[in-house]
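Each chain is listed here by its residues.
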Amino acid sequence: QVQLEESGGGSAQAGGSLRLSCRGAGGTYGAYSMGWFRQAPGKEREGVAAIYTGDATPDYAESVKGRFTLSQDSAGNTVFLQMNSLKLEDTAMYYCAAGYGRLARPLSQWEYHYWGQGTQVTVSS
């Protein structure tokens, strides 16, 4: 019922920045949690950042704290991931996800019901 579409991926130099966007359509978003996940070749999908749309404080993976910032629009149907100080290890396919309500484990992929197709982020030296 909910469709998610990511955009903003691409290539960047180490130390540079990218801004990802995830737009949701076809559902009610006020009671959703939305998150960003990434998966690099040979690695497990990991949670990067997530937020309950009724809150103002996102959750972040330790590996991105201080570098990435998740934000949302006022309606709560679009989330953004500002990625600064990019590192080579940030290279991955990034996925947007949505789950119902406040999630006990917001950085766990198993909490989410809807997924976007992903957008590739490639960081080079």
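Residues numbered from 1 in each chain as written. Predicted model: local features only at pLDDT ≥ 70, side-chain atom pairs only at ≥ 80, totals over all residues. Heavy atoms only, no water.

Quick look at the state of the cysteines
A covalent bond between the sulfur atoms of two cysteines is what we call a disulfide.
Then comes step 1: Here the structure, examined in full by the defined rule, presents one disulfide.
Then comes step 2: There is a disulfide in this structure between C22 and C96, and the S-S distance comes to 1.9 Å. Here the disulfide of C22 and C96 is left-handed, its torsion about the S-S bond being about -80 degrees. Here the residue C22 occupies a position in strand 3 (residues 18-25), and C96 occupies one in strand 9 (residues 92-100), the gap between them amounting to 74 residues.
Then comes step 3: Its relative accessible area of 0% is what places C96 among the buried residues. (Disulfide = S-S within 2.5 Å. Helix = DSSP H or I, 4+ residues; strand = E, 2+ residues; numbered from the N terminus. Buried < 20%, exposed > 50% of the residue type's maximum accessible area, 1.4 Å probe, protein only.)

Some words on the environment of Q120
Then comes step 1: Within the fold, Q120 resides in strand 11 (residues 119-124).
Then comes step 2: By relative accessible area, which is 36% here, Q120 ends up partly exposed.
Then comes step 3: Residues Q120 and S63, spaced 57 residues apart in sequence, show a C-alpha to C-alpha distance of 18 Å.
Then comes step 4: Not counting the four nearest positions on each side in its chain, Q120 is found in contact with G9, G10, T91, A92 and M93. (Contact = heavy atoms within 4.5 Å.)

What about the nonpolar core?
Then comes step 1: Core analysis: the largest hydrophobic core is formed by 28 residues, its most contacted members being W36, L81, M83 and Y94.
Then comes step 2: Among the secondary structure elements, those contributing two or more residues to this core are strand 3, strand 4 (32-39), strand 5 (46-52), strand 7 (68-72), strand 8 (78-83), strand 9 and strand 11.
Then comes step 3: Ranked by the residues each element gives to this core, the list is headed by strand 9, at four residues.
Then comes step 4: If we ignore the near neighbours within four places in the chain, the residues touching M83 are G16, S17, L18, L20, R67, F68, Y94 and V121.
Then comes step 5: Listed in part, the five residues of the second largest apolar core include A50, A97, L103 and Y112. (Core = buried A, V, L, I, M, F, W, Y, C linked by side-chain atoms within 4.5 Å.)

Here's the deal with the sheet that holds strand 7
Then comes step 1: If you trace the four strands from one edge of the open sheet to the other, you get 1-3-8-7, paired in antiparallel fashion. What marks the edges here is a single partner per strand, and that holds for strand 1 (3-7) and strand 7. With strand direction ignored, the average angle separating the axes of adjacent strands in the sheet is 15 degrees.
Then comes step 2: Both strand 7 and strand 8 contribute to a ladder of five bridges, which runs antiparallel. Its bridge partner lying in strand 8, L70 is registered against L81. (Pairing = 2+ DSSP bridges. Axes fitted to C-alpha atoms, helices over the stretch in contact; angles between N-to-C directions.)

Bear in mind that shape data such as this cannot, by itself, settle questions of function.
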